[in-house]
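The lines below spell out each chain.
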Amino acid sequence: MPGRGLQVACWRGFHCSHTMKYHQRAAATPRRAIMYVPGYDDRKANKAATLTIDSIVLDCEDGVAINKKEEARVNIPKLLARTDFGSKDRFIRVNSRDTGLTEDDVSSILASNNLPDGLLLPKVNSVDDINWFCDLAARNGNLKSLNRPMILGVMVETAIAMLNLKEITSFKSNTFDLQCLIFGADDFLAEIGASKTENAMELMYARQHVILHAKAFGLQAIDMVYNNYKDLIGLQRQAIEGAKMGFTGKQVIHPGQIDIVQESFSPSKEQIEWAKALSIAFEDHQQQGKGAFIFRGQMIDKPLLLQANNILSLINNVNGSHTSS
Ligand SMILES: CC(C)(COP(=O)(O)OP(=O)(O)OC[C@H]1O[C@@H](n2cnc3c(N)ncnc32)[C@H](O)[C@@H]1OP(=O)(O)O)[C@@H](O)C(=O)NCCC(=O)NCCSC(=O)C[C@](C)(O)C(=O)O
Ligand SMILES: [Mg+2]
């Protein structure tokens, strides 16, 4: 792929820091693309079921007009019951705490016998918002029927959430498993009064802030939506940039965006070959007592091995998830 070279992003949190107790939380499930599907829209949901994509989000929030909210929350459990989404992760995005709609979402969606794999919580401002939601879900939901924790994705899209990210990413619970931070660029731009530019330079700090906190706590970091869904060249540029920055995946809104995004967040053949060869060379040099050595003209030491391991872990996870479908 043009422009990718062998400069490898840190694809996952696994090997990037010594804080292994957090890094062990990192999900092995690849979430390179996650696509929003309005929860009331059976045609789009049926289409989504046929597509090759890591995750889908059945939406009750901003992809659903206020007069369609009830239809979406009633329809989603029926969709989950009758639709085979294959190996895709099935998320539901509920409405945020401040809307007063979350209680109805939870009663309808989580009381059902057809639970999703995970939930996305939008417009979270603090860990108190997550705890509030988890209490609500534990009281009203059918979560005891699960033999695993419910996966959580927290959407970071307010200024106060950015300031509270360390506390938010420290969230722990036996019933809920926080696995992803998801950057909601559109809401964030609206809140800080900025305008989106072509190269998104106004969002660089916020994107890095999300990555930093996700990786410090072993979470996946999911990049912003590319709204101009017919511009595939711009999408590819932004997706590759996000992967190089350290994001593990990207939100999408249209089927035409999936392949480009999933490819951008997958190691190329050259990267895989490089990672395998480097691992072997590293082991050989360790045997010879050399911590640093020259490999294909570059100085290699342990951090490069860790980057190579990130590539090999990702490719194993991607292959594993596809063979299990
Ligand atoms: C952009 C739109 C209006 C163009 O809609 P369209 O009907 O003009 O598209 P199309 O090109 O005609 O569609 C082609 C085929 O793809 C299907 N299709 C099209 N989209 C989807 C989809 N998402 N999921 C599944 N299938 C889809 C569509 O049904 C059709 O299938 P068909 O040939 O069988 O009829 C449409 O794609 C759409 O509604 N996308 C979802 C938009 C959405 O959910 N937005 C909210 C999430 S982003 C957000 O909230 C912000 C964030 C993160 O919070 C923050 O940054 O702050
Ligand atoms: Mg949003």
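This structure is a prediction, so every number in the text was calculated from the model and none was measured.

(A) Quick peek at the domain arrangement of the protein. Assigned domains of the protein: these are domain 1 (31–266) and domain 2 (270–323). Computed from C-alpha atoms alone, the centre-to-centre distance between domain 1 and domain 2 is 32 Å. Counting from both sides, the interface comprises five residues of domain 1 and, opposite them, five residues of domain 2. When domain 1 packs against domain 2, the two sides together hide about 340 Å² of surface, and 51% of this comes from carbon and sulfur.

(B) A look at the UniProt feature "domain: HpcH/HpaI aldolase/citrate lyase" (unreviewed entry) in the protein. The sites that UniProt annotates as "domain: HpcH/HpaI aldolase/citrate lyase" (unreviewed entry) are residues 32–255. Taken end to end, residues 32–255 has its terminal C-alpha atoms 14 Å apart, with 40% of it in helix and 19% in strand.

(C) Local environment of the coordination of the magnesium ion (ligand 2). With distances of 2.0 to 2.2 Å, the protein atoms coordinating the magnesium ion (ligand 2) are Glu157 (OE) and Asp187 (OD). In this pair, Glu157 is assigned in the loop between strand S5 (150–156) and helix H6 (159–163) and Asp187 in helix H8 (residues 185–192), connecting sequence segments 30 residues apart. With relative accessibility at 2%, the residue Glu157 sits in the buried group.

(D) The arrangement of the sheet that holds strand S2 (residues 55–59) in detail. Strands sit in the order S1-S2-S3-S4-S5-S6-S7-S8 around a closed barrel of eight strands; the barrel is parallel. Each strand axis lies, on average, 30° off the axis of its neighbour in the sheet, ignoring direction. Across seven bridges, the pairing between S5 and strand S6 (residues 176–183) is parallel. For Met150, the partnering residue across the bridge sits in S6 and is Phe176. In the packing of helix H5 (residues 127–140) onto the sheet, contacts are made with strand S4 (118–121), S5 and S6, and the angle to S5 comes to roughly 145°.

(E) Local environment of the packing of helix H4 (residues 102–109) against H5. The geometry of H4 relative to H5 is characterised by a closest axis approach of 9 Å and an angle of 40° between their N-to-C directions. The angle between the axes of H4 and H5 places the two elements in the oblique class. Every pair of crossing elements has a handedness; the one defined by H4 and H5 is right-handed. In this structure, H4 uses Thr102, Glu103 and Val106 to contact H5, whose residues at the interface are Trp132, Phe133, Leu136, Ala137 and Asn140. Classifying every residue of the contact of H4 with H5 gives five nonpolar, two polar and one charged.

(F) Region of the structure containing the pattern of salt bridges. One pass over the structure, following the stated rule, counts 21 salt bridges. Taking the shortest distance from any N to any O, the salt bridge between Lys44 and Asp41 comes out at 3.3 Å. Among the ionic pairs, Asp223 bridges to Arg207, the shortest N-O distance being 2.7 Å. Placement of the pair is Asp223 in strand S7 (residues 220–223) and Arg207 in helix H9 (residues 204–216), with a sequence separation of 16 residues. For the pair formed by Asp223 and Arg207, the shared burial category is buried. Connected through shared salt-bridge partners, Asp59, Glu61, Asp62, Arg93, Lys123 and Asp187 make up one network.

(G) Quick peek at the site of ligand 1. In the neighbourhood of ligand 1, 21 residues make up the surrounding shell, with Tyr36, Arg43, Arg93, Ile253 and His254 lying closest. Between ligand 1 and Tyr36, the relevant distance is 2.8 Å, taken from a nitrogen atom to a main-chain nitrogen or oxygen of the residue. Arg43 is positioned with one of its side-chain polar atoms (N or O) 2.7 Å from an oxygen atom of ligand 1. Against a free-state accessible area of 1100 Å², the protein chains account for coverage of 70% of ligand 1.

(H) The arrangement of the environment of Lys47 in detail. Mapped onto the fold, Lys47 is located in helix H2 (residues 42–50). By relative accessible area, Lys47 is classed as partly exposed at 46%. Separated by 23 residues in sequence, Lys47 and Glu70 have C-alpha atoms that sit 22 Å apart.

(I) The arrangement of the nonpolar core in detail. In this structure, Ile92, Leu110, Ile130, Phe133, Leu152, Phe176 and Phe183 are the most contacted members of the largest nonpolar core, which totals 67 residues. Ranked by residues supplied to this core, first place goes to H5 with six residues. With residues up to four places along the chain from it excluded, the contact list for Ile130 reads Leu121, Val124, Leu152, Val154, Ile168 and Phe171. Residues Ala277, Leu278, Phe293 and Ile300 belong to the second largest nonpolar core, which totals 16 residues.

(J) Region of interest: H9. Taking 1.5 Å per residue, 13 residues should reach 18 Å; H9 reaches 18 Å between its end C-alpha atoms and fits that length. Within H9, burial applies to Ala206, Arg207, His209, Val210, Ile211, His213, Ala214 and Lys215. Two residues or fewer past H9, Gly218 is found with a positive phi of approximately 70°.

(K) The arrangement of the UniProt feature "binding site: substrate" (unreviewed entry) in the protein in detail. Per the UniProt record, "binding site: substrate" (unreviewed entry) is found at Arg93 and Glu157. In summary, the annotated positions, though distributed over 65 residues, converge in three dimensions, the widest C-alpha pair being only 13.9 Å. Of note, Arg93 is situated in strand S3 (residues 89–93). Here Arg93 falls in the buried class, since its relative accessible area comes to 8%. Residue contacts for Arg93: discarding those within four places in its chain leaves Tyr36, Val57, Leu58, Asp59, Cys60, Glu61, Asp62, Gly63, Leu120, Pro122 and Met155.

Thresholds applied
Residues numbered from 1 in each chain as written. Chains lettered and ligands numbered in written order. Predicted model: local features only at pLDDT ≥ 70, side-chain atom pairs only at ≥ 80, totals over all residues. Heavy atoms only, no water. Domains from an automatic or database assignment. Contact = heavy atoms within 4.5 Å. Buried area = accessible area lost by both parts, 1.4 Å probe. UniProt positions renumbered as here; feature names shortened; annotations may be inferred. Helix = DSSP H or I, 4+ residues; strand = E, 2+ residues; numbered from the N terminus. Donors = N, O, S within 2.8 Å, 3.2 Å for Na, K, Ca; no water. Buried < 20%, exposed > 50% of the residue type's maximum accessible area, 1.4 Å probe, protein only. Pairing = 2+ DSSP bridges. Axes fitted to C-alpha atoms, helices over the stretch in contact; angles between N-to-C directions. Parallel < 35°, antiparallel > 145°, perpendicular 65-115°, else oblique. Left-handed = near helix turned anticlockwise from the far one by under 90°. Nonpolar A, V, L, I, M, F, W, Y, C, P; charged D, E, K, R; others polar. Salt bridge = Lys/Arg side-chain N within 4 Å of Asp/Glu carboxyl O. Near = heavy atom within 4 Å. Polar contact = N/O pair within 3.5 Å; in protein donor to acceptor, adjacent residues only side chain to side chain. Areas by Shrake-Rupley, 256 points an atom, 1.4 Å probe, with all protein chains shown as cover. Core = buried A, V, L, I, M, F, W, Y, C linked by side-chain atoms within 4.5 Å. Expected span 1.5 Å × (residues − 1).

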